[in-house]
Amino acid sequence: MTSHAGQQFIGGGRRATGQATLYSIDARTGQALPDAFHQATEQEVDAAARAAAAAYPVYRALSAARRAEFLDAIADALDGLGDDFIETVCRETALPPARIQGERVRTSGQLRLFATVLRRGDFTGARIDRAQPERQPVPRLDIRQCRIGLGPVAVFGASNFPLAFSTAGGDTAAALAAGCPVVFKAHSGHMATAQWVAEAIVGAAERCAMPAGVFNMVFGGRVGEALVKHPDIQAVGFTGSLKGGRALCDMAAARPRPIPVFAEMSSINPVLVLPQALAVRGEAVARELTASVVLGCGQFCTNPGLVLGVRSAQFSAFVEHLCAQMAEQAPQTMLNADTLASYARGVDTLKARAGIRLLAGAEQQGNQAWPQLFQADAHLLLEGEPLLQEEIFGPATVVVELADQDQLVAALHALGGQLTATLIGEPGDLAQAAPWVAVLEQKVGRVLVNGYPTGVEVSDAMVHGGPYPATSDSRGTSVGTLAIDRFLRPVCYQNFPDALLPEALRDANPLGLLRLVDGQPTREPIR
């Protein structure tokens, strides 16, 4: 760490004018770590947003190739961080080294994937309708369209992914790829980790001769509102709780000039276990499902929090196997004390609700979370019981037994928006699954067959999103290359001289893009 440890990253420099200090916590011991971090002042938040705004016209005007070079440089810098960095992340989060090393590979990999998108060029969405001066009764002028970055983006770090959804994570990578400078709010749970990564980003920016304010970072729990309300911020990326995400959405909507908030918030990720699968491999499904529920202490936004099945002897046997598997699971340390307290409250609330029974799980004690399995009466789900719609962030899941297939479809209709839904079935089950899929397509961003939702591939086709409350805007994704779309907007150029057009729209097609010209996709230049 540098002599500027704990200071804000603003416009390529470091600053700390506030008196208040914050400390990261060792997630396993609960003790404060030695390095102090300065709470950002309102003036520093303002300076960070202004630095991003000053960088925007310069940064967005850079070629896609230059921005790709920058993303690759960040990835290289992140991969080059040593064992002391891994140790820091582990101390702040209680996550094991293998998990952090894997998450780093994912984080640098998605940066490089966005660099590939930039070099490919299809993100511009170039469309050209050539002039038709002879058209009757009204001639058509030359009309061209491509997409540009929205402007400075505020990104909020996630607690459960200190790398992949944080400082250099998916939102930051997508925004930078789109040509948008970033002001990042470090998560209070892993400030030292954020500092390591921010220094890697700023170092890469300097080596690539990026404008000084292309990346900025501020510390503190009370800076979020000032950041979202700042007039220079043009969009927000957030991963966290429903309460926090909704608050940001409301703030952004209340601005004199509202801005979009792309918030990934709350999901219970239903799993449908179908009859033939239960008959053939019910015990194996129970074992696999348990592993998914307790993976990483259940601290995944795709954790399967609801298990649905139709009443039968096979389903009853499956529930017994699930009870046995969950009862054997050991407790695990959670990310921090607040996360553990929230999990304990959620578990206690379910225990206190009539119609919900605890099937497996020890009493919460000490500083670790015990896995919990509940069963809820079907009528609670069908009648929209809020507790069955709320995510319990941790290693817990709820089983609901439905009377028949019609009631299963009704239960799916009763669900709110989700990130994922899963079908566990044999070929015969899946041959009859069209009615369920038709409902789930309206409810979720990703439908899986014979897999488990914990684990999100970073790819061109991935969707990590879904209808509210899973996200604030179901038209996008926070994982995969489509994530760049959130931070772009279309601009139309009518009757422009060729030299004044963006390169993506010039007659010669200097970037070699596949463009829609007069309704036909082509890479050919315009003659």
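Data block above holds the structure.
Residues numbered from 1 in each chain as written. Predicted model: local features only at pLDDT ≥ 70, side-chain atom pairs only at ≥ 80, totals over all residues. Heavy atoms only, no water.

A few words now on the packing of helix H2 (residues 64–79) against helix H6 (residues 191–207). Across the interface, H2 lies against H6 with an axial gap of 8 Å and an inter-helix angle of 135°. In terms of orientation, H2 and H6 fall into the oblique class. Handedness of the crossing formed by H2 with H6: right-handed. Contacts from Phe70, Ala73, Ile74, Ala77 and Leu78 in H2 reach Val197, Ala200, Ile201, Ala204, Ala205 and Arg207 in H6. Residue composition of the contact of H2 with H6, grouped by class: ten nonpolar, no polar and one charged. (Axes fitted to C-alpha atoms, helices over the stretch in contact; angles between N-to-C directions. Helix = DSSP H or I, 4+ residues; strand = E, 2+ residues; numbered from the N terminus. Parallel < 35°, antiparallel > 145°, perpendicular 65-115°, else oblique. Left-handed = near helix turned anticlockwise from the far one by under 90°. Contact = heavy atoms within 4.5 Å. Nonpolar A, V, L, I, M, F, W, Y, C, P; charged D, E, K, R; others polar.)

We now examine the pattern of salt bridges. Going through the model one piece at a time under the given rule, you end up with 23 salt bridges. Where Asp72 meets Arg119, a salt bridge forms, and the shortest distance between an N and an O atom there is 2.9 Å. In this pair, Asp72 is assigned in helix H2 and Arg119 in helix H4 (residues 97–120), connecting sequence segments 47 residues apart. Connected through salt bridges with shared partners, the residues Asp76, Asp79 and Arg112 form a single ionic network. (Salt bridge = Lys/Arg side-chain N within 4 Å of Asp/Glu carboxyl O.)

Our next topic: the layout of surface pockets. Reported here for the second largest pocket is a volume of approximately 560 Å³. Lining the second largest pocket we find 25 residues, and of these Arg60, Leu62, Ser63, Ala64 and Arg67 sit closest to its centre. Within the residue set of the lining of the second largest pocket, elements represented by two or more residues are helix H1 (42–61), H2, H4, strand E6 (143–149) and strand E21 (488–494). Broken down by element, the residue count for the lining of the second largest pocket peaks at four residues, all from E6. Partitioning the lining of the second largest pocket into residue classes produces 15 nonpolar, five polar and five charged. (1 Å grid on protein atoms, 1.4 Å probe; cavity = no way out; pocket = protein on both sides within 12 Å on 5 of 7 lines; lining within 4 Å. Points joined across faces, edges and corners; volume = space filled by probe spheres on them.)

Moving on: the nonpolar core. Phe70, Leu71, Ile74, Phe85, Phe215, Met217 and Phe487 are the most contacted members of the largest nonpolar core, which totals 62 residues. Put simply, the parts of the chain that give this core at least two residues each are H2, helix H3 (83–93), H4, strand E7 (153–156), helix H5 (170–178), strand E8 (182–185), H6 and strand E9 (215–218). Ranked by residue count, the leading element in this core is H6, at ten residues. If sequence neighbours within four positions are ignored, Phe70 has contacts with Tyr59, Leu176, Ile201, Ala204, Ala205, Cys208, Met210 and Val214. The next biggest cluster of nonpolar side chains, apart from the first, holds 37 residues, and it includes Val347, Phe374, Leu380 and Ala396. (Core = buried A, V, L, I, M, F, W, Y, C linked by side-chain atoms within 4.5 Å. Buried < 20%, exposed > 50% of the residue type's maximum accessible area, 1.4 Å probe, protein only.)

Bringing the environment of Glu69 into the picture now. Mapped onto the fold, Glu69 is located in helix H2. Glu69 gets classed as partly exposed once you look at its relative accessible area, which sits at 38%. Spatially, the C-alpha atom of Glu69 lies 9.9 Å from that of Thr116, the residues being 47 residues apart in sequence. With residues near it in sequence (within four places) discarded, Glu69 still touches Arg119 and Cys208.

A separate point is empty space enclosed by the protein. The gaps left among the atoms become clear once a water-sized probe is rolled over them. For the structure on display, the rule yields three cavities of 30 Å³ or more. Each pocket or cavity is described by its volume, and for the largest cavity that value is around 160 Å³. Considering only residue class, the lining of the largest cavity consists of ten nonpolar, five polar and two charged. Put simply, the second largest cavity is a space of about 80 Å³. What lines the second largest cavity is simply Phe262, Ala263, Glu264, His464, Gly465, Thr471, Ser472, Asp473, Gly476, Thr477, Ser478 and Arg486. Split into classes, the residues belonging to the lining of the second largest cavity amount to two nonpolar, seven polar and three charged.

Quick look at the packing of H2 against H5 now. How two helices sit against one another is set out by the angle between their axes and by the gap between those axes. Remark: H2 packs on H5, axes separated minimally by 9 Å, with the N-to-C direction vectors making an angle of 155°. One way to sum up the angle between H2 and H5 is to call them roughly antiparallel. When you trace H2 past H5, the crossing you get is right-handed. Contact residues: Arg67, Phe70, Leu71 and Ile74 in H2; Ala173, Leu176, Ala177 and Ala178 in H5. Class assignment of the residues belonging to the contact of H2 with H5 gives a composition of seven nonpolar, no polar and one charged.

Time to look at the sheet that holds strand E5 (residues 127–129). Pairing in this open sheet of five strands is mixed, and the strands run E21-E6-E5-E22-E23 from one edge to the other. With partners counted over all chains shown, the strands left at the sheet margins are E21 and strand E23 (520–522), one partner each. Shown here is a sheet whose adjacent strand axes are inclined to one another by a mean of 25°, direction ignored. As paired elements, E5 and strand E22 (residues 515–517) share two bridges and run parallel to each other. Its bridge partner being in E22, Ile128 is matched across the sheet by Val517. (Pairing = 2+ DSSP bridges.)

On E9, burial covers both faces: Phe215 and Met217 on one face and Asn216 and Val218 on the other are all buried. Where E8 lies against E9, four bridges are found, and the strand directions are parallel. Across the sheet, Lys185 pairs through a bridge with Val218, a residue of E9. Remark: the E8/H6/E9 crossover connection has right-handed handedness. (Right-handed = clockwise from strand over helix to strand, strands pointing away.)

Structural measurements only, silent on function.
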